[in-house]
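# Results of the structural survey
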Amino acid sequence: MIDLKKEKINDDWYEFTLSNHFMSISFLNFGGIITKILVPDKYGTKENIVLCYQDYTHYETNPLYLGAIIGRVAGRIKNATIQIQNTEYKLDQNESCHHLHGGKKGFHNVLWDFNTFQEEDGIGVTFTYTSPDGESGYPGNVNVKVTYRLTINNEFLIDYEATTDKETVLTLTNHSYFNLSGDLKNTVSDHEVTIDSSRILKLDKDLIPFDIVEDVSETEFDFRRGKLLQEGFVSHNEQNQLVGCGYDHYFLFDQQTANQVIVANNDSGRIMKIKTNQPGMVMYTANGMQEGIRLNEVKSKKYLGVCFETQAPSASLWLNDLPSITLLPNETYKKQTIFSFDMVEKKK
Ligand code: G6D
């Protein structure tokens, strides 16, 4: 069984829900915002595992970037300035003097055109958007396509494609906050995360990467053998404390393994695996989450979710030896991230 439903939310917004026998995913054409992912726990109880607002009008501003497609460039750009072929471009300064997540006209708050589709073993929606030359200060007319697909094998695939008519910069991601406890009954402190990464980017006081940590061994950033997120919440490591006692760092993946990231929550029995052809990701543990915003199940608070923002690093604009985010007119940006869901143990 696989199914797609479309519900009108307001004059311009629709909410799509993709379902199979095991799980369902709901999202909007506005910002490509994922509003719910319902997955059963080890007893078979289906619960929501992503943060979403109870009042959808909050998505119009969405200071937390909940669930949204992020672009043109995910992450921070130092001093909101890029240099392309000896031309300097000033971008939106939407976080003090820096640029965050594509700026005020970022992809998280634009209306995407959509087409639904059904395949033999999957169903989904393709979103398209044309970002005009100069939007948020970026050069080039950029055509973007983002496809959300649910398969009969409980995989949620996000495919990103983009082309440009002028050299520009681009790195896209999705900014969902995951919480495998189900209906936000706990924080993510007890989530065990495994990341195939031995290198991270070190941040300054403005959360701008300024150096590469070449070996995270014996630190709170070594997730290669699995680690509870709690460890970073109580750590005395200067990098954990700098970001508000947690994680908000770019992890460079060591290789294209089967799954670069595995997240397990023993209480619920839920497991989420992430496989991507991106070179790394930002893991953000909602250290700076505003308290008291009405979400679907509870009010927002610190550590209520964790983001796995797969992307190439914007820091490649000012640091050497990092994967580039440049997009040339004769290239197609083609990236994929697969979130798959399973159980720690199947109840008889
Ligand atoms: C904070 O530093 C974090 C970002 O990584 C995150 O994307 C944002 O909150 C929502 O600024």
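Counting restarts for each chain: residues are numbered from 1 in the order of the written sequence. With the structure being a predicted model, the display of local features is reserved for residues of pLDDT at least 70 and the display and counting of side-chain atom pairs for 80 or more, all residues being used for whole-chain, interface and lining totals. Excluded from the side-chain calculations are hydrogens and water; all other atoms, namely the structure's heavy atoms, are used.

## Considerations on the layout of surface pockets
The following threshold applies: A pocket, in this scheme, is an open set of points on a 1 Å grid over the protein atoms alone with protein on both sides within 12 Å along at least 5 of 7 lines, while a cavity is a set where a 1.4 Å probe fits but cannot get out; residues line either one if an atom lies within 4 Å of a point. Grid points are joined across faces, edges and corners, and a volume is the space filled by probe spheres set on the points. Helix and strand definitions follow DSSP, with helices as H or I runs of at least four residues and strands as E runs of at least two, each counted in order from the N terminus. Amino acids are sorted into nonpolar (Ala, Val, Leu, Ile, Met, Phe, Trp, Tyr, Cys and Pro), charged (Asp, Glu, Lys and Arg) and polar (every other residue, Gly among them).
Space inside the largest pocket adds up to approximately 440 Å³. Taken together, 27 residues line the largest pocket, and the ones lying closest to its centre are R76, L100, H101, H175 and D248. Sorting the residues of the lining of the largest pocket by element identifies β19 (197-203), β22 (248-253) and β25 (280-284) as the ones contributing at least two each. No other element matches β22, which puts three residues into the lining of the largest pocket. In this structure, the second largest pocket spans a volume of roughly 150 Å³. K78, T81, I82, Q83, I84, E167, T168, V169, L317, W318 and T326 together form the lining of the second largest pocket. Looking at which element gives the most residues to the lining of the second largest pocket, the answer is strand β8 (residues 81-84), with four residues. Considered class by class, the residues forming the lining of the second largest pocket number five nonpolar, four polar and two charged.

## A look at the site of the ligand
Note the following rule: Any residue with a heavy atom lying within 4 Å of a molecule or strand is counted as near it. Any pair of N or O atoms that falls within 3.5 Å is considered a polar contact. Within protein, one atom must be able to donate a hydrogen and the other to accept it, and sequence-neighbouring residues count only if both atoms are side-chain atoms. Surface exposure here means Shrake-Rupley accessible area, sampled with a 1.4 Å probe, where a residue is shielded only by the protein chains that are shown. Molecules are considered to sit inside a cavity or pocket once more than half of their atoms lie within 2 Å of its grid points.
Surrounding the ligand, one finds L64, Y65, R76, E95, H101, H175, Y177, L207, D248 and Y284. Between an oxygen atom of the ligand and a side-chain N or O atom of R76, the distance comes to 2.7 Å. Taking D248, its side chain carries an N or O atom lying 2.3 Å from an oxygen atom of the ligand. Protein chains shield 87% of the accessible area of the ligand, which is 290 Å² for the free molecule. One can see that the ligand is located within the largest pocket. Residues belonging to the shell around the ligand are distributed by class as follows: five nonpolar, two polar and three charged.

## Remarks on the side chain of T276
Rules: We call two residues in contact when some of their heavy atoms are within 4.5 Å.
With respect to the helices and strands, the residue T276 is situated in strand β24 (residues 270-276). Here Q336 takes part through its backbone oxygen, which lies 2.9 Å from a polar atom of the side chain of T276. Among the polar contacts listed, one links the side chain of T276 to the side chain of T337, at a separation of 2.9 Å. The residues contacting T276, other than those within four sequence positions of it, are F253, Q256, Q260, T310, Q336 and T337.

## Let's talk about the pairing of strand β11 (residues 113-118)
Let me state the cut-off plainly: Strand pairing is defined by DSSP finding a minimum of two bridges between the two strands.
Bridging between β11 and strand β12 (residues 122-131) involves six bridges; their strand directions are antiparallel. Bridge pairing links F117 to G124 in β12.

## Some details on the sheet that holds strand β20 (residues 209-213)
Taken together, the six strands give an open sheet; going across it, the order is β17-β26-β25-β22-β19-β20, and neighbouring strands pair in antiparallel fashion. Either end of the sheet is taken by a strand with one partner, and the two such strands are β17 (177-178) and β20. Sheet analysis places β17 next to strand β26 (residues 306-310), joined by two bridges and oriented antiparallel. Among the inter-strand pairings, F178 is bridged to a residue of β26, identified as V306.

## Description of the state of the cysteines
Heads up, the condition is: Disulfides are defined in this document as cysteine sulfur pairs within 2.5 Å. Only protein chains enter the area calculation, which uses a 1.4 Å probe; residues under 20% of their type maximum are buried, those over 50% are exposed, and those in between are partly exposed.
Evaluated as defined, the whole model comprises zero disulfides. Left unpaired, C52 is separated from the closest cysteine sulfur, that of C307, by 14 Å. A relative accessible area of 0% places C52 in the buried class. Here C245 is not disulfide-linked; the sulfur of C307 is the nearest cysteine sulfur, at 18 Å.

## Considerations on the packing of aromatic side chains
For the record, the criterion: Aromatic contacts are taken between Phe, Tyr and Trp rings whose centres are within 6.5 Å, Trp giving its six-membered ring; a plane angle under 30 degrees counts as stacked, one over 60 as edge-to-face, and the others as tilted.
Scanning the entire structure with this criterion turns up 23 aromatic pairs. Considering the side-chain rings of F127 and Y148, the 5.6 Å spacing of their centres and the 90 degrees angle between planes classify their relative orientation as edge-to-face. Of this pair, F127 sits in strand β12 while Y148 is found in strand β13 (residues 142-151), placing the two residues 21 residues apart along the sequence. Residue F127 is classed as buried on the basis of its relative accessible area of 0%. Judged by relative accessible area, which is 0%, Y148 ranks as buried. Residues F156 and F339 carry aromatic rings whose centres are separated by 6.3 Å and whose planes lie at 25 degrees to one another, so their mutual orientation is stacked. Within this pair, whereas F156 is found in strand β14 (residues 155-164), its partner F339 is found in strand β28 (residues 333-343), the two being separated by 183 residues in sequence.

## Notes on the pattern of salt bridges
Proximity of charged atoms lets side chains of opposite charge pair with each other. Cut-off, in case you're wondering: The term salt bridge refers to a side-chain nitrogen of Lys or Arg lying within 4 Å of a carboxyl oxygen of Asp or Glu.
Applying the stated criterion to the full structure yields 14 salt bridges. Between D159 and R149 there is a salt bridge, with its nearest N and O atoms 3.2 Å apart. Of this pair, D159 sits in strand β14 while R149 sits in strand β13, and the two are ten residues apart along the sequence. With relative accessibility at 18%, the residue R149 sits in the buried group. Each member of the salt-bridge network shares a partner with another, and the members are E47, K185 and R270.

## Topic: the pairing of strand β1 (residues 2-8)
In the sheet, β1 pairs with strand β2 (residues 14-20) via seven bridges, with the strands oriented antiparallel. Each bridged residue has a counterpart across the sheet, and for K5 the counterpart in β2 is T17. The loop that links β1 with its antiparallel partner β2 comprises five residues.

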